Amino acid sequence: MTFWVISCLIALLVAGFLGYTLLRGRRADEPTAAYDLRVYREQLAGVDRDLARGVIGEADAERVRTEISRRILAADAQMQGDRVASGPSRGVSVVSIAIVMLIVIGGALAMYYRTGAVGLPDQPLTARLALAEEVRTNRPAQEAAEALATPPQPRQLEESYATLLQQLRDTVAARPNDLQGHILLTQHEANAGNFKAAYAAQQRVIELSGQAATADDYSDLAEKMILAAGGYVSPEAEQILAAALERDPRHGPARYYWGQMLAQTGRPDLAYRVWVDTARDAPVGAPWGDAIRTQLDELAFRAGVFNGPDPSSLGQPGPSQDDVAAAAEMTPEERQEMIQGMVDRLSDRLATEGGPPQDWARLIAALGVLGQAQRAIDIRDEAEILFADNPEALEMIDAAALQAGIAQ
(Lines give C-alpha, C1' and ligand atoms only; values in the text may rest on other atoms or scores of the structure.)
Protein backbone atom coordinates (compact mmCIF):
# COMPACT_ATOMS: atom_id res chain seq x y z
CA MET A 1 0.00 0.00 0.00
CA THR A 2 2.86 2.38 0.77
CA PHE A 3 4.22 1.91 -2.73
CA TRP A 4 0.87 2.72 -4.33
CA VAL A 5 0.35 5.80 -2.14
CA ILE A 6 3.79 7.20 -2.98
CA SER A 7 3.38 6.42 -6.67
CA CYS A 8 -0.02 8.12 -6.85
CA LEU A 9 1.25 11.18 -4.98
CA ILE A 10 4.17 11.52 -7.39
CA ALA A 11 1.87 11.17 -10.40
CA LEU A 12 -0.55 13.74 -8.96
CA LEU A 13 2.31 16.13 -8.25
CA VAL A 14 3.56 15.89 -11.84
CA ALA A 15 0.03 16.33 -13.17
CA GLY A 16 -0.45 19.32 -10.86
CA PHE A 17 2.62 21.08 -12.22
CA LEU A 18 1.43 20.48 -15.77
CA GLY A 19 -2.05 21.71 -14.89
CA TYR A 20 -0.70 24.87 -13.27
CA THR A 21 1.24 25.60 -16.45
CA LEU A 22 -1.92 25.22 -18.54
CA LEU A 23 -4.11 27.35 -16.24
CA ARG A 24 -1.91 30.33 -15.60
CA GLY A 25 -2.01 33.12 -18.13
CA ARG A 26 0.82 33.34 -20.55
CA ARG A 27 3.20 36.15 -19.70
CA ALA A 28 4.11 37.90 -22.85
CA ASP A 29 5.73 41.20 -23.75
CA GLU A 30 3.55 44.31 -24.08
CA PRO A 31 1.64 44.22 -27.37
CA THR A 32 2.41 46.82 -30.02
CA ALA A 33 -1.15 48.19 -29.89
CA ALA A 34 -0.73 49.19 -26.20
CA TYR A 35 2.38 51.18 -27.03
CA ASP A 36 0.61 52.88 -29.94
CA LEU A 37 -2.31 53.72 -27.67
CA ARG A 38 -0.03 55.57 -25.23
CA VAL A 39 1.59 57.49 -28.05
CA TYR A 40 -1.79 58.57 -29.50
CA ARG A 41 -3.00 59.78 -26.11
CA GLU A 42 0.17 61.81 -25.63
CA GLN A 43 -0.34 63.27 -29.10
CA LEU A 44 -3.94 64.18 -28.20
CA ALA A 45 -2.76 66.02 -25.08
CA GLY A 46 -0.08 67.77 -27.15
CA VAL A 47 -2.76 69.13 -29.55
CA ASP A 48 -4.54 70.82 -26.64
CA ARG A 49 -1.26 72.36 -25.46
CA ASP A 50 -0.44 73.65 -28.95
CA LEU A 51 -3.93 75.15 -29.26
CA ALA A 52 -3.57 76.91 -25.89
CA ARG A 53 -0.23 78.46 -26.94
CA GLY A 54 -1.72 79.55 -30.28
CA VAL A 55 0.59 77.39 -32.34
CA ILE A 56 -2.29 75.93 -34.38
CA GLY A 57 -5.78 77.12 -35.15
CA GLU A 58 -9.07 75.71 -33.90
CA ALA A 59 -9.92 74.07 -37.24
CA ASP A 60 -6.57 72.34 -37.49
CA ALA A 61 -6.78 71.21 -33.88
CA GLU A 62 -10.21 69.67 -34.48
CA ARG A 63 -9.01 67.87 -37.59
CA VAL A 64 -5.99 66.43 -35.75
CA ARG A 65 -8.13 65.36 -32.77
CA THR A 66 -10.45 63.49 -35.10
CA GLU A 67 -7.60 61.61 -36.75
CA ILE A 68 -5.92 60.72 -33.45
CA SER A 69 -9.23 59.57 -31.94
CA ARG A 70 -9.77 57.29 -34.93
CA ARG A 71 -6.34 55.74 -34.39
CA ILE A 72 -7.03 55.33 -30.65
CA LEU A 73 -10.23 53.42 -31.39
CA ALA A 74 -8.42 51.17 -33.88
CA ALA A 75 -5.59 50.43 -31.41
CA ASP A 76 -8.07 49.69 -28.61
CA ALA A 77 -9.99 47.29 -30.84
CA GLN A 78 -6.74 45.53 -31.75
CA MET A 79 -5.85 45.09 -28.06
CA GLN A 80 -9.25 43.58 -27.31
CA GLY A 81 -8.76 41.07 -30.13
CA ASP A 82 -5.30 40.16 -28.85
CA ARG A 83 -6.74 39.39 -25.40
CA VAL A 84 -9.36 37.09 -26.87
CA ALA A 85 -6.73 35.16 -28.88
CA SER A 86 -4.08 35.17 -26.14
CA GLY A 87 -4.86 31.63 -24.91
CA PRO A 88 -7.44 28.87 -24.54
CA SER A 89 -10.54 29.34 -22.46
CA ARG A 90 -10.68 28.07 -18.89
CA GLY A 91 -12.98 25.25 -19.93
CA VAL A 92 -10.52 24.05 -22.55
CA SER A 93 -7.72 24.27 -19.98
CA VAL A 94 -9.67 22.18 -17.45
CA VAL A 95 -10.34 19.49 -20.04
CA SER A 96 -6.66 19.55 -21.01
CA ILE A 97 -5.66 19.08 -17.38
CA ALA A 98 -7.99 16.10 -17.04
CA ILE A 99 -6.50 14.51 -20.16
CA VAL A 100 -2.95 15.13 -18.92
CA MET A 101 -3.73 13.56 -15.54
CA LEU A 102 -5.32 10.56 -17.23
CA ILE A 103 -2.27 10.08 -19.47
CA VAL A 104 0.26 10.51 -16.65
CA ILE A 105 -1.48 8.37 -14.03
CA GLY A 106 -3.08 5.85 -16.37
CA GLY A 107 0.06 5.51 -18.47
CA ALA A 108 2.21 4.97 -15.39
CA LEU A 109 -0.13 2.26 -14.12
CA ALA A 110 -0.25 0.55 -17.51
CA MET A 111 3.55 0.62 -17.80
CA TYR A 112 3.96 -0.81 -14.30
CA TYR A 113 1.51 -3.63 -14.91
CA ARG A 114 3.35 -4.45 -18.12
CA THR A 115 6.95 -4.35 -16.85
CA GLY A 116 6.59 -4.44 -13.07
CA ALA A 117 5.54 -7.12 -10.64
CA VAL A 118 2.65 -6.19 -8.36
CA GLY A 119 3.18 -7.36 -4.80
CA LEU A 120 6.74 -8.53 -5.38
CA PRO A 121 8.93 -7.67 -2.38
CA ASP A 122 12.31 -5.99 -2.61
CA GLN A 123 14.97 -8.18 -4.23
CA PRO A 124 18.40 -7.15 -2.93
CA LEU A 125 21.46 -8.59 -4.59
CA THR A 126 22.28 -10.93 -1.71
CA ALA A 127 18.79 -12.42 -1.80
CA ARG A 128 18.92 -12.92 -5.57
CA LEU A 129 22.33 -14.58 -5.35
CA ALA A 130 21.10 -16.86 -2.58
CA LEU A 131 18.03 -17.73 -4.65
CA ALA A 132 20.20 -18.51 -7.68
CA GLU A 133 22.37 -20.81 -5.57
CA GLU A 134 19.29 -22.54 -4.19
CA VAL A 135 17.93 -23.03 -7.71
CA ARG A 136 21.24 -24.47 -8.83
CA THR A 137 21.41 -26.85 -5.86
CA ASN A 138 17.82 -28.08 -6.01
CA ARG A 139 17.20 -28.18 -9.74
CA PRO A 140 15.78 -31.38 -11.31
CA ALA A 141 18.06 -34.32 -11.99
CA GLN A 142 18.81 -35.72 -15.44
CA GLU A 143 16.16 -38.44 -15.33
CA ALA A 144 13.42 -36.05 -14.21
CA ALA A 145 14.40 -33.55 -16.89
CA GLU A 146 14.27 -36.20 -19.58
CA ALA A 147 10.79 -37.21 -18.42
CA LEU A 148 9.61 -33.59 -18.63
CA ALA A 149 11.33 -32.75 -21.90
CA THR A 150 9.46 -32.95 -25.16
CA PRO A 151 10.77 -36.07 -26.88
CA PRO A 152 12.50 -35.31 -30.18
CA GLN A 153 10.75 -36.28 -33.35
CA PRO A 154 12.15 -39.61 -34.59
CA ARG A 155 14.24 -39.18 -37.69
CA GLN A 156 13.25 -40.99 -40.81
CA LEU A 157 16.10 -43.37 -41.50
CA GLU A 158 16.69 -45.18 -44.72
CA GLU A 159 15.94 -48.87 -44.40
CA SER A 160 19.54 -49.85 -45.11
CA TYR A 161 20.89 -47.40 -42.51
CA ALA A 162 18.37 -48.57 -39.91
CA THR A 163 19.41 -52.16 -40.56
CA LEU A 164 23.10 -51.32 -40.14
CA LEU A 165 22.38 -49.40 -36.95
CA GLN A 166 20.54 -52.37 -35.48
CA GLN A 167 23.41 -54.66 -36.43
CA LEU A 168 25.82 -52.27 -34.70
CA ARG A 169 23.69 -52.35 -31.56
CA ASP A 170 23.66 -56.13 -31.56
CA THR A 171 27.42 -56.31 -32.11
CA VAL A 172 28.20 -53.86 -29.28
CA ALA A 173 25.81 -55.69 -26.95
CA ALA A 174 27.70 -58.92 -27.68
CA ARG A 175 31.09 -57.19 -27.20
CA PRO A 176 30.66 -54.83 -24.21
CA ASN A 177 34.38 -54.07 -23.96
CA ASP A 178 34.83 -53.00 -27.58
CA LEU A 179 35.89 -49.34 -27.29
CA GLN A 180 35.75 -48.60 -31.01
CA GLY A 181 32.33 -50.21 -31.26
CA HIS A 182 30.94 -47.94 -28.51
CA ILE A 183 32.47 -44.89 -30.19
CA LEU A 184 30.71 -45.76 -33.43
CA LEU A 185 27.47 -46.52 -31.61
CA THR A 186 27.56 -43.12 -29.87
CA GLN A 187 27.96 -41.32 -33.17
CA HIS A 188 25.23 -43.19 -35.01
CA GLU A 189 22.72 -43.07 -32.16
CA ALA A 190 23.18 -39.30 -32.05
CA ASN A 191 22.77 -39.11 -35.84
CA ALA A 192 19.48 -40.98 -35.48
CA GLY A 193 18.29 -38.58 -32.75
CA ASN A 194 18.47 -41.21 -29.99
CA PHE A 195 20.35 -38.98 -27.55
CA LYS A 196 19.65 -41.06 -24.45
CA ALA A 197 21.10 -44.17 -26.11
CA ALA A 198 23.94 -42.03 -27.44
CA TYR A 199 25.02 -40.76 -24.05
CA ALA A 200 24.68 -44.23 -22.56
CA ALA A 201 27.16 -45.47 -25.16
CA GLN A 202 29.41 -42.46 -24.50
CA GLN A 203 29.45 -43.25 -20.80
CA ARG A 204 30.78 -46.68 -21.70
CA VAL A 205 33.42 -45.06 -23.91
CA ILE A 206 34.70 -43.07 -20.92
CA GLU A 207 34.62 -46.14 -18.68
CA LEU A 208 36.67 -48.15 -21.19
CA SER A 209 39.09 -45.26 -21.79
CA GLY A 210 39.83 -44.82 -18.09
CA GLN A 211 42.51 -42.20 -17.40
CA ALA A 212 42.98 -41.73 -21.13
CA ALA A 213 39.53 -40.15 -21.50
CA THR A 214 39.91 -36.65 -22.90
CA ALA A 215 38.06 -33.37 -22.43
CA ASP A 216 36.37 -34.03 -25.78
CA ASP A 217 35.03 -37.34 -24.46
CA TYR A 218 33.50 -35.71 -21.39
CA SER A 219 32.19 -32.73 -23.33
CA ASP A 220 30.52 -35.05 -25.88
CA LEU A 221 28.86 -36.95 -23.04
CA ALA A 222 27.55 -33.75 -21.45
CA GLU A 223 26.27 -32.46 -24.80
CA LYS A 224 24.26 -35.62 -25.45
CA MET A 225 22.82 -35.54 -21.93
CA ILE A 226 21.79 -31.92 -22.48
CA LEU A 227 20.19 -32.73 -25.82
CA ALA A 228 18.33 -35.64 -24.27
CA ALA A 229 16.95 -33.24 -21.63
CA GLY A 230 15.75 -30.74 -24.23
CA GLY A 231 18.59 -28.26 -23.72
CA TYR A 232 18.52 -28.37 -19.92
CA VAL A 233 21.86 -28.70 -18.07
CA SER A 234 21.22 -31.08 -15.20
CA PRO A 235 23.42 -31.48 -12.10
CA GLU A 236 24.79 -34.70 -13.62
CA ALA A 237 25.65 -32.89 -16.86
CA GLU A 238 27.28 -30.11 -14.82
CA GLN A 239 29.57 -32.66 -13.16
CA ILE A 240 30.56 -34.05 -16.56
CA LEU A 241 31.28 -30.52 -17.83
CA ALA A 242 33.41 -29.85 -14.76
CA ALA A 243 35.40 -32.99 -15.54
CA ALA A 244 35.93 -31.79 -19.12
CA LEU A 245 37.07 -28.33 -17.97
CA GLU A 246 39.37 -29.91 -15.41
CA ARG A 247 41.21 -31.57 -18.28
CA ASP A 248 41.06 -28.50 -20.56
CA PRO A 249 39.96 -25.20 -18.94
CA ARG A 250 39.69 -23.51 -22.37
CA HIS A 251 37.57 -26.23 -24.01
CA GLY A 252 35.12 -24.34 -26.20
CA PRO A 253 32.03 -26.62 -26.25
CA ALA A 254 32.31 -27.35 -22.52
CA ARG A 255 32.58 -23.63 -21.72
CA TYR A 256 29.57 -22.92 -23.94
CA TYR A 257 27.40 -25.37 -22.03
CA TRP A 258 28.84 -24.18 -18.71
CA GLY A 259 27.65 -20.67 -19.56
CA GLN A 260 24.27 -22.10 -20.51
CA MET A 261 24.05 -23.78 -17.13
CA LEU A 262 24.86 -20.50 -15.33
CA ALA A 263 22.19 -18.67 -17.33
CA GLN A 264 19.60 -21.32 -16.49
CA THR A 265 20.35 -21.13 -12.75
CA GLY A 266 19.93 -17.37 -12.41
CA ARG A 267 23.50 -16.15 -12.97
CA PRO A 268 23.43 -14.46 -16.39
CA ASP A 269 26.21 -12.14 -15.20
CA LEU A 270 28.64 -15.04 -14.84
CA ALA A 271 27.34 -16.70 -18.00
CA TYR A 272 27.97 -13.52 -19.98
CA ARG A 273 31.62 -13.38 -18.91
CA VAL A 274 32.15 -17.05 -19.76
CA TRP A 275 30.52 -16.69 -23.18
CA VAL A 276 32.42 -13.54 -24.12
CA ASP A 277 35.76 -15.19 -23.36
CA THR A 278 34.70 -18.39 -25.12
CA ALA A 279 33.54 -16.59 -28.27
CA ARG A 280 36.75 -14.56 -28.35
CA ASP A 281 38.84 -17.75 -28.27
CA ALA A 282 36.63 -19.71 -30.70
CA PRO A 283 38.18 -20.61 -34.07
CA VAL A 284 36.54 -19.18 -37.16
CA GLY A 285 33.44 -21.21 -38.01
CA ALA A 286 33.30 -23.01 -34.65
CA PRO A 287 29.63 -23.91 -34.02
CA TRP A 288 29.77 -22.98 -30.34
CA GLY A 289 31.18 -19.56 -31.23
CA ASP A 290 28.35 -18.91 -33.69
CA ALA A 291 25.79 -20.12 -31.13
CA ILE A 292 27.16 -17.71 -28.53
CA ARG A 293 27.12 -14.71 -30.88
CA THR A 294 23.49 -15.27 -31.83
CA GLN A 295 22.43 -15.33 -28.15
CA LEU A 296 24.86 -12.86 -26.63
CA ASP A 297 22.70 -9.73 -26.98
CA GLU A 298 19.83 -11.31 -25.08
CA LEU A 299 22.17 -12.63 -22.40
CA ALA A 300 23.82 -9.20 -22.11
CA PHE A 301 20.41 -7.63 -21.49
CA ARG A 302 19.67 -10.17 -18.75
CA ALA A 303 23.10 -9.55 -17.23
CA GLY A 304 22.58 -5.78 -17.25
CA VAL A 305 25.31 -5.18 -19.82
CA PHE A 306 24.09 -2.66 -22.40
CA ASN A 307 27.31 -2.09 -24.31
CA GLY A 308 28.69 -5.42 -25.43
CA PRO A 309 32.19 -6.13 -26.68
CA ASP A 310 33.50 -5.22 -30.09
CA PRO A 311 32.46 -7.78 -32.74
CA SER A 312 36.09 -8.06 -33.81
CA SER A 313 37.05 -9.04 -30.27
CA LEU A 314 34.75 -12.08 -30.46
CA GLY A 315 36.42 -13.60 -33.45
CA GLN A 316 33.97 -12.16 -35.97
CA PRO A 317 35.29 -11.10 -39.37
CA GLY A 318 36.15 -7.48 -39.99
CA PRO A 319 34.29 -5.10 -42.32
CA SER A 320 33.55 -6.38 -45.79
CA GLN A 321 34.25 -4.54 -49.02
CA ASP A 322 30.64 -3.41 -49.05
CA ASP A 323 31.07 -1.96 -45.55
CA VAL A 324 34.18 -0.09 -46.65
CA ALA A 325 32.39 1.23 -49.73
CA ALA A 326 29.45 2.37 -47.61
CA ALA A 327 31.81 4.17 -45.23
CA ALA A 328 33.44 5.94 -48.18
CA GLU A 329 30.03 7.29 -49.24
CA MET A 330 29.30 8.72 -45.78
CA THR A 331 29.49 12.41 -45.06
CA PRO A 332 32.33 13.55 -42.76
CA GLU A 333 29.80 13.97 -39.94
CA GLU A 334 28.47 10.41 -40.43
CA ARG A 335 31.98 8.95 -40.49
CA GLN A 336 32.83 10.89 -37.32
CA GLU A 337 29.70 9.53 -35.63
CA MET A 338 30.55 5.98 -36.71
CA ILE A 339 34.11 6.27 -35.37
CA GLN A 340 32.85 7.78 -32.12
CA GLY A 341 30.47 4.84 -31.66
CA MET A 342 33.27 2.33 -32.17
CA VAL A 343 35.48 4.16 -29.68
CA ASP A 344 32.68 4.31 -27.10
CA ARG A 345 32.03 0.57 -27.41
CA LEU A 346 35.72 -0.20 -26.96
CA SER A 347 35.86 2.11 -23.94
CA ASP A 348 32.82 0.48 -22.35
CA ARG A 349 34.26 -3.01 -22.89
CA LEU A 350 37.58 -2.12 -21.30
CA ALA A 351 35.80 -0.45 -18.36
CA THR A 352 33.56 -3.46 -17.66
CA GLU A 353 35.64 -6.44 -18.76
CA GLY A 354 39.18 -5.24 -19.17
CA GLY A 355 41.37 -6.24 -22.08
CA PRO A 356 44.92 -6.64 -23.37
CA PRO A 357 47.28 -3.65 -23.51
CA GLN A 358 46.87 -3.50 -27.30
CA ASP A 359 43.20 -2.54 -26.84
CA TRP A 360 44.07 0.14 -24.29
CA ALA A 361 46.71 1.58 -26.62
CA ARG A 362 44.25 1.52 -29.52
CA LEU A 363 41.67 3.42 -27.45
CA ILE A 364 44.19 6.08 -26.39
CA ALA A 365 45.34 6.65 -29.96
CA ALA A 366 41.74 6.83 -31.23
CA LEU A 367 40.79 9.39 -28.60
CA GLY A 368 43.77 11.49 -29.68
CA VAL A 369 42.55 11.40 -33.28
CA LEU A 370 39.08 12.49 -32.15
CA GLY A 371 40.58 15.42 -30.24
CA GLN A 372 39.43 14.15 -26.82
CA ALA A 373 42.73 14.80 -25.08
CA GLN A 374 41.49 14.84 -21.49
CA ARG A 375 39.66 11.56 -21.92
CA ALA A 376 42.76 10.05 -23.51
CA ILE A 377 44.85 11.23 -20.53
CA ASP A 378 42.40 9.61 -18.08
CA ILE A 379 42.51 6.30 -20.00
CA ARG A 380 46.31 6.45 -20.14
CA ASP A 381 46.56 7.01 -16.38
CA GLU A 382 44.20 4.10 -15.70
CA ALA A 383 46.15 1.83 -18.05
CA GLU A 384 49.47 2.73 -16.42
CA ILE A 385 48.08 1.70 -13.04
CA LEU A 386 46.59 -1.49 -14.45
CA PHE A 387 49.81 -2.58 -16.23
CA ALA A 388 52.27 -1.18 -13.69
CA ASP A 389 54.08 -4.53 -13.46
CA ASN A 390 54.21 -5.11 -17.23
CA PRO A 391 57.04 -3.13 -18.90
CA GLU A 392 56.08 -4.23 -22.41
CA ALA A 393 52.49 -3.08 -21.88
CA LEU A 394 53.70 0.26 -20.54
CA GLU A 395 55.79 0.75 -23.69
CA MET A 396 52.65 0.23 -25.80
CA ILE A 397 50.73 2.72 -23.66
CA ASP A 398 53.52 5.31 -23.92
CA ALA A 399 53.69 4.89 -27.69
CA ALA A 400 49.93 5.38 -28.00
CA ALA A 401 50.10 8.45 -25.75
CA LEU A 402 52.85 9.89 -27.97
CA GLN A 403 50.71 9.24 -31.04
CA ALA A 404 47.72 10.90 -29.35
CA GLY A 405 49.81 13.96 -28.43
CA ILE A 406 49.44 13.54 -24.67
CA ALA A 407 52.87 12.13 -23.82
CA GLN A 408 54.22 13.31 -20.52
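Residues numbered from 1 in each chain as written. Predicted model: local features only at pLDDT ≥ 70, side-chain atom pairs only at ≥ 80, totals over all residues. Heavy atoms only, no water.

When helices and strands are counted, the protein chain shows 19 helices and zero strands. Residues classed as buried in the protein chain amount to 31% of the 408 residues present. If you take every contact in the protein chain between residues at least 6 apart in sequence, the share linking residues at least 24 apart comes to 61%. Summing over all exposed atoms, the protein chain offers an accessible surface of approximately 25,700 Å²; the carbon and sulfur share of this is 58%. (Helix = DSSP H or I, 4+ residues; strand = E, 2+ residues; numbered from the N terminus. Buried < 20%, exposed > 50% of the residue type's maximum accessible area, 1.4 Å probe, protein only. Contact = heavy atoms within 4.5 Å. Areas by Shrake-Rupley, 256 points an atom, 1.4 Å probe, with all protein chains shown as cover.)

The next thing to look at is the environment of Gln156. Inspection of the secondary structure assignment puts Gln156 in the loop between helix H6 (142-148) and helix H7 (159-174). Sequence spacing of Gln156 and Ala192 is 36 residues, and the spatial spacing of their C-alpha atoms is 8.2 Å.

A separate point is the side chain of Glu189. Note that Glu189 resides in helix H8 (residues 179-191). In this structure, Glu189 is in contact with Leu165, Arg169, Asn194, Ala197 and Ala198, ignoring residues within four places of it in sequence.

Another aspect to go through is a nonpolar patch on the surface. On the surface, Val5, Leu9, Leu12 and Met101 cluster together into a nonpolar patch covering about 330 Å² of accessible area. When residues in the nonpolar patch are grouped by element, the largest group, three residues, is from helix H1 (residues 2-23). Mapped onto the elements, Met101 comes out in helix H4 (residues 90-115). (Patch = residues over 30% accessible without salt bridge, like charges linked within 9 Å, V, L, I, M, F, W, Y side chains within 5 Å. Salt bridge = Lys/Arg side-chain N within 4 Å of Asp/Glu carboxyl O.)

This next bit is on the pattern of salt bridges. Considering all chains together, one arrives at 20 salt bridges under this definition. The closest approach of N and O atoms between Asp359 and Arg349, which form a salt bridge, is 2.8 Å. Linking Asp359 in helix H17 (residues 357-369) with Arg349 in helix H16 (residues 332-353), this pair joins segments that are 10 residues apart in sequence. The same class applies to Asp359 and to Arg349, which are both buried. Within this structure, Asp48, Glu62 and Arg65 form a network of salt bridges that share partners.

Moving on, we come to the environment of Lys196. Looking at the element boundaries, Lys196 is found in helix H9 (residues 195-209). Take Lys196: its relative accessible area is 51%, and that puts it in the exposed class. Taking the C-alpha atoms as reference, Lys196 lies 8.7 Å from Ala229; in sequence the two are 33 residues apart.

Before going further, it helps to examine helix H12 (residues 252-264). For H12, spanning 13 residues, the distance from its first C-alpha to its last is 19 Å, which sits close to the expected 18 Å at 1.5 Å a residue. Here H12 lies mainly inside the structure; 11 of its 13 residues are buried. What H12 keeps buried is the set Gly252, Ala254, Arg255, Tyr256, Tyr257, Trp258, Gly259, Gln260, Met261, Leu262 and Ala263. On the buried face of H12, the contacting elements are helix H5 (125-138), helix H10 (215-228), helix H11 (235-247), helix H13 (268-281) and helix H14 (287-303). Just downstream of H12, Gly266 is the residue with a positive phi angle, here 85 degrees. (Expected span 1.5 Å × (residues − 1).)

Attention now goes to the packing of H12 against H14. Interhelical geometry of H12 versus H14 gives an angle of 25 degrees and a closest axis separation of 11 Å. With respect to each other, H12 and H14 are oriented roughly parallel. Considering the relative orientation of H12 and H14, their crossing is left-handed. Contact with H12, carried on its side by Gly252, Pro253, Tyr256 and Ala263, involves Trp288, Ala291, Ile292, Gln295, Leu299 and Arg302 of H14 and no other residues of that element. The class makeup of the residues in the contact of H12 with H14 is seven nonpolar, two polar and one charged. (Axes fitted to C-alpha atoms, helices over the stretch in contact; angles between N-to-C directions. Parallel < 35°, antiparallel > 145°, perpendicular 65-115°, else oblique. Left-handed = near helix turned anticlockwise from the far one by under 90°. Nonpolar A, V, L, I, M, F, W, Y, C, P; charged D, E, K, R; others polar.)

Before going further, it helps to examine the confidence of the model for the protein chain. With 82% of its residues at a pLDDT of at least 70, the protein chain reaches an overall mean of 80. When mean pLDDT is taken per element in the protein chain, H11 scores highest with 95 and helix H15 (residues 321-328) scores lowest with 49. For the stretch residues 316-321, pLDDT sits under 50, and the model shows two contacts to residues farther than four places along the chain or on other chains. (pLDDT = per-residue confidence, 0-100.)

Position of Thr265 among the secondary structure elements: in the loop between H12 and H13. From its side chain, Thr265 meets the backbone oxygen of Leu262 in a polar contact 3.2 Å long. Ignoring sequence-local partners within four residues, the contact set of Thr265 consists of Ala132, Val135, Arg136 and Arg139. (Polar contact = N/O pair within 3.5 Å; in protein donor to acceptor, adjacent residues only side chain to side chain.)

To continue, consider H13. End to end, H13 covers 20 Å across 14 residues, agreeing with the expected 20 Å (1.5 Å per residue, within 8%). Every buried residue of H13 is accounted for by Pro268, Ala271, Tyr272, Val274, Trp275, Val276, Thr278 and Ala279.

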